[in-house]
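# Results of the structural survey
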Amino acid sequence: FFRNSLRTPSMIDFIKIVQLSIALSVAYVWIFRFHNVLKEFTSFGLSDVVRNFVGVSKTALSTLLIAGIWYNDLVLVSSVLMGLFMVAAQFFHFKVNNPFQQRLPSLLLLILCGLVAFFQPIQFDEHNSAMIVFSSLSFFGYVIAYFTATKMKEEFKRFNLEKIGFHIIILE
C-alpha cells in the first residue's frame, strides 16, 4: 500500500528520468570511457570474456531501462539486474582497495537502481513476461555464442566486421 500511494504522476515521471539517467550513464561509460573499463577490469583481475559479458549485459539492461519508459514490464527486472551488477562493482572496488571516489559512481547507480525498483508495481502480464524472458535468454545465448564460438568470430572476421561485432550484438 505504501509504495502504491507514492506513485503519483510526478513521481512516475521522476522515476522515468532516473531510468534514463542510469541507462545513459552506463552507456557513456561502456562506449565512450571504455579505456577506463579496461584499466579497472585489469586491476580486478577479470578476464576479457567476463569484461565483455558484463559490458554487453549492462548495455542490454540500459536498453531495457530506456524501453521501460514505454513498456513498464521491463523495468523491475532490468533495474534489479543492473543493481546486482553495481553490487558486484562495489565488491571488486573494495577487493582492490580503490578510493571512495572510484566507488562512488557505482554506489550512486546502485542507489538509483534500488529507487527505480522500489517504485515499480509488482504485477506482470503473463504473456509479456514470458516474451521478455524468452527474448532475454535468446539474446544471452547469442552473446555467449559470440564470445565462445570460434565459428561466430570467423564469420565476423570474414565480413570484416570484427571491430564492430560488439555493437552488432547490441543491435541484435
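Anyway, here's the lowdown on the structure attached to this text. Only a predicted model underlies this, so the values are computations on that prediction, with no experimental measurement involved.

## Remarks on the pattern of salt bridges
One pass over the structure, following the stated rule, counts one salt bridge. For Arg 51, the salt bridge goes to Asp 48, with nearest N and O atoms at 3.0 Å. With Arg 51 and Asp 48 both in helix 4 (residues 48-67) and three residues apart, this pair spans about one turn of that helix.

## Thoughts on the packing of helix 2 (residues 9-32) against helix 4
Each pair of packed helices can be summarised by the angle the axes make with each other and by the distance between the axes. Following both chains from N to C, one finds helix 2 and helix 4 inclined at 150 degrees, their axes separated by 8 Å at the closest point. Looking at the two axes, helix 2 sits roughly antiparallel to helix 4. For the element pair helix 2 and helix 4, the recorded crossing hand is left-handed. Residues Gln 19, Leu 20, Ile 22, Ala 23, Val 26, Ala 27 and Trp 30 of helix 2 form the contact with helix 4, whose participating residues are Arg 51, Val 54, Gly 55, Lys 58, Thr 59, Ser 62, Leu 65 and Ile 66.

## Points about a nonpolar patch on the surface
Judged by side-chain polarity, Val 77, Val 80, Leu 81, Leu 84 and Val 87 come together as a nonpolar surface patch covering roughly 390 Å² of accessible area. For Val 87, the location among the structural elements is in helix 5 (residues 75-95). Take Val 87: its relative accessible area is 43%, and that puts it in the partly exposed class.

## Here we look at the packing of aromatic side chains
Under the criterion given, the structure shown has seven aromatic pairs. On the basis of an interplanar angle of 70 degrees and a centroid distance of 5.8 Å, the ring pair of Trp 30 and Phe 41 is categorised as edge-to-face. Here Phe 41 lies in helix 3 (residues 34-44) and Trp 30 lies in helix 2, a separation of eleven residues in the sequence. Here the two residues Trp 30 and Phe 41 agree in accessibility, since each one is buried. A ring pair is formed by Phe 118 and Phe 119, whose centres lie 5.1 Å apart and whose planes are at 90 degrees; its orientation type is edge-to-face. Taken together, the ring pairs connect Trp 30, Phe 34, Phe 41, Phe 44, Phe 91 and Phe 92 into an aromatic cluster. In this structure, Arg 103 packs its charged tip against the face of Phe 94, placed 4.2 Å from the ring centre.

## Quick look at the nonpolar core
In terms of nonpolar packing, the biggest core is built from 19 residues, with Ile 22, Val 26, Trp 30, Leu 65, Met 82 and Val 116 touching the most fellow members. Looking at this core, the elements with two or more residues in it are helix 2, helix 3, helix 4, helix 5 and helix 6 (100-118). In terms of residue count, helix 2 provides more of this core than any other element does, six residues in total.

## As for the side chain of Arg 103
In this structure, Arg 103 sits in helix 6. Among all residues touching Arg 103, those that are not within four sequence positions of it are Gln 90, His 93, Phe 94 and Asn 98.

## Focus on the environment of Thr 59
When you line up the elements, Thr 59 lands in helix 4. Classification of Thr 59 by relative accessible area gives buried; the value is 6%. For the pair Thr 59 and Ala 27, spaced 32 residues apart in sequence, the C-alpha separation works out to 6.1 Å.

So, how was this worked out
- Residues numbered from 1 in each chain as written.
- Predicted model: local features only at pLDDT ≥ 70, side-chain atom pairs only at ≥ 80, totals over all residues.
- Heavy atoms only, no water.
- Salt bridge = Lys/Arg side-chain N within 4 Å of Asp/Glu carboxyl O.
- Helix = DSSP H or I, 4+ residues; strand = E, 2+ residues; numbered from the N terminus.
- Axes fitted to C-alpha atoms, helices over the stretch in contact; angles between N-to-C directions.
- Parallel < 35°, antiparallel > 145°, perpendicular 65-115°, else oblique.
- Left-handed = near helix turned anticlockwise from the far one by under 90°.
- Contact = heavy atoms within 4.5 Å.
- Patch = residues over 30% accessible without salt bridge, like charges linked within 9 Å, V, L, I, M, F, W, Y side chains within 5 Å.
- Areas by Shrake-Rupley, 256 points an atom, 1.4 Å probe, with all protein chains shown as cover.
- Buried < 20%, exposed > 50% of the residue type's maximum accessible area, 1.4 Å probe, protein only.
- Phe/Tyr/Trp six-rings, centres within 6.5 Å; stacked < 30°, edge-to-face > 60°.
- Lys NZ or Arg CZ within 6 Å of the ring centre and 35° of its normal.
- Core = buried A, V, L, I, M, F, W, Y, C linked by side-chain atoms within 4.5 Å.

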